[in-house]
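# Structural features, examined
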Amino acid sequence: MPIKMIVTDMDGTLLDEKGEFDRDRLKNILDELDKREMRFVVATGNEIHRMRLLFGDLLERVTLIAANGARIFDKNEILLGTCWSPDLVAQVLSYFEGRERDVHLVVTAENGAFVKTGTTFPMIEKVMTAEMAQEFYRKINFVEALRPDDFPQVLKMSMMVNEQVAVQATRQLNQDFEGTLNAVTSGYGAIDILQKGIHKAWGLKQLMQKWKIQEQDIMAFGDSENDIEMLQLAGISYAMENADPRVKTVANHLAPANTEAGVLTVLENYLRKGESQWLSNY
């Protein structure tokens, strides 16, 4: 059965080590996908602002699962969104009180991203160009205190720790908020904190229902823990060569590293060879 939907993560997957991708190659791929009536979906922990910077006018041709499933945009227009309850926001902020700068806590809400004044993000320059990093800081709202009333519609929270302790920190969060939140690593020491049950696969299921697409119709690419549910859902799943070892155990194929444009290479091969010849190689 031919693939009907391609879905890819961004950082560490579609994006290279500079936080960029080859726009011309992707445009050519999108042209071919359009001819075959195949959907192209980007599933990311990022919010819409960065995606608009990265994709420019190409965003009109893709569907975006943003904030790890909390919001879905189609052709740059929002389809749906889900937010935290005020009580949950207050509970989590109380948990981090006094440590916000230490863990680089970011509150992502519908009205923007908020951090405590004085917070820095030393890892940003490892995954973004200087221009993108500058834009990242420009979009951040630095406030003296993180107060729930300042952002009533929270999509997710995130934090950044040393990569060596990211797994331990994630485990502790999931233990302390068992049944309420789900914390997952997203690479480079970043940890996304999501409502229980909200993840990229949840967003993907909303699109599958809307477009009448089944699991076996999907090809997915990812590299980090927050991609696992999505890769488990897809009939054809690729972990990047640079992926977290836990991600490689759930994917059924391996793609070249993000530094080698692995996603684009696999898609070009698939589109060039055709369904039957491509599948015979696996």
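Residues numbered from 1 in each chain as written. Predicted model: local features only at pLDDT ≥ 70, side-chain atom pairs only at ≥ 80, totals over all residues. Heavy atoms only, no water.

Named according to an unreviewed UniProt entry, the chain is Cof family protein originating from Streptococcus milleri.

## Some points on the layout of surface pockets
Volume-wise, the largest pocket comes out at about 850 Å³. Along the wall of the largest pocket there are 43 residues; nearest its centre are Gly45, Asn46, Met128, Phe136 and Lys156. Looking at the lining of the largest pocket residue by residue, the classes come out as 17 nonpolar, 14 polar and twelve charged. Roughly 340 Å³ of volume is contained in the second largest pocket. Lining the second largest pocket are 19 residues; nearest its centre among them are Glu163, Gly187, Tyr188, Asp223 and Ser224. For the lining of the second largest pocket, the elements supplying multiple residues, two or more each, are α7 (166-176) and β10 (181-187). No other element matches the three residues that β10 contributes to the lining of the second largest pocket. Along the lines of polarity and charge, the residues of the lining of the second largest pocket split into five nonpolar, eight polar and six charged. A domain split of the lining of the second largest pocket shows at least three residues from each of domain 1 (5-82 + 198-279) and domain 2 (86-195). (1 Å grid on protein atoms, 1.4 Å probe; cavity = no way out; pocket = protein on both sides within 12 Å on 5 of 7 lines; lining within 4 Å. Points joined across faces, edges and corners; volume = space filled by probe spheres on them. Nonpolar A, V, L, I, M, F, W, Y, C, P; charged D, E, K, R; others polar. Helix = DSSP H or I, 4+ residues; strand = E, 2+ residues; numbered from the N terminus. Domains from an automatic or database assignment.)

## Examining the pattern of salt bridges
Applying the stated criterion to the full structure yields 17 salt bridges. A salt bridge links Arg61 to Asp31; the shortest N-O distance between them is 2.8 Å. A residue pair is termed long-range when its members are at least 10 positions apart, and Arg61 in the loop between α3 (48-55) and β3 (63-66) and Asp31 in helix α2 (residues 23-35) qualify at 30 residues. The exposure class of Arg61 is partly exposed, given its relative accessible area of 26%. Here Lys156 and Asp192 are joined by a salt bridge, their closest N and O atoms 2.8 Å apart. Pair noted here: Lys156 is in strand β9 (residues 154-160) and Asp192 is in strand β11 (residues 190-195), with a separation of 36 residues, a long-range link. By relative accessible area, Lys156 is classed as buried at 7%. Asp192 gets classed as buried once you look at its relative accessible area, which sits at 4%. (Salt bridge = Lys/Arg side-chain N within 4 Å of Asp/Glu carboxyl O. Buried < 20%, exposed > 50% of the residue type's maximum accessible area, 1.4 Å probe, protein only.)

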